[in-house]
Amino acid sequence: MAKVQKKGLTRIVNAAKYSMKGFKAGLINEAAIRQEFLLAIILTITSAFIYGSVTQLILLNVMPWLTVCVELLNSGIEAVVDRIGPEFHELSGRAKDLGSAAVFVMLILTLFTWTAIIIENYYF
């Protein structure tokens, strides 16, 4: 028998609860999420002092929070792989490495964006 899906406002409320549960689990269990979350808060506050346009403000704020999102996804991938079993498997390692690479790309893009905006605003 198929599971009956909730509809309307009940579905939205349940989805929000599940999201908060996942966010809480990430903050409790993953040091990388805590670190990137703290960095995103610091950068969000700092952005108010260095932006030169609305577009810059949006970029300065979106990039670190996208990094947090990618880290949440990476942690989800790692949890699923770890759930399967502790033994080494090439595909499990590849899945974890790809997730880690995605986080690395976001960190580099965030650094690049912040550096470019600071240079544009203070050196040109």
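Residues numbered from 1 in each chain as written. Predicted model: local features only at pLDDT ≥ 70, side-chain atom pairs only at ≥ 80, totals over all residues. Heavy atoms only, no water.

Asker: Please clarify how the layout of surface pockets should be interpreted in this entry.
Answerer: With a probe scaled to a water molecule rolled over the atoms, the places where space remains empty come into view. Its volume calculated, the largest pocket comes out at about 210 Å³. In terms of lining residues, the largest pocket is bounded by Gly-22, Ala-25, Gly-26, Asn-29, Glu-30, Ile-33, Cys-69, Leu-72, Leu-73, Ser-75, Gly-76 and Ala-79. Those elements that place two or more of their residues in the lining of the largest pocket are helix 1 (8-29) and helix 3 (54-84). Here the element with the most residues in the lining of the largest pocket is helix 3; it accounts for 6 residues. Looking at the lining of the largest pocket residue by residue, the class counts come to 6 nonpolar, 5 polar and 1 charged. (1 Å grid on protein atoms, 1.4 Å probe; cavity = no way out; pocket = protein on both sides within 12 Å on 5 of 7 lines; lining within 4 Å. Points joined across faces, edges and corners; volume = space filled by probe spheres on them. Helix = DSSP H or I, 4+ residues; strand = E, 2+ residues; numbered from the N terminus. Nonpolar A, V, L, I, M, F, W, Y, C, P; charged D, E, K, R; others polar.)

Asker: Is there a simple way to explain the packing of helix 2 (residues 31-50) against helix 4 (residues 90-123) in this structure?
Answerer: The description of two packed helices rests on the angle between their axes and on the distance between the axes. Relative orientation of the contacting elements helix 2 and helix 4 amounts to 15°, with a least axis distance of 13 Å. Considered as vectors, helix 2 and helix 4 are oriented roughly parallel to each other. In this structure, helix 2 meets helix 4 at a crossing whose hand is left-handed. Contacts between helix 2 and helix 4 involve Glu-36, Leu-43, Thr-46, Ser-47, Phe-49 and Ile-50 from the first element and Val-103, Leu-107, Thr-110, Trp-114, Ile-118, Asn-121 and Tyr-122 from the second. (Axes fitted to C-alpha atoms, helices over the stretch in contact; angles between N-to-C directions. Parallel < 35°, antiparallel > 145°, perpendicular 65-115°, else oblique. Left-handed = near helix turned anticlockwise from the far one by under 90°. Contact = heavy atoms within 4.5 Å.)

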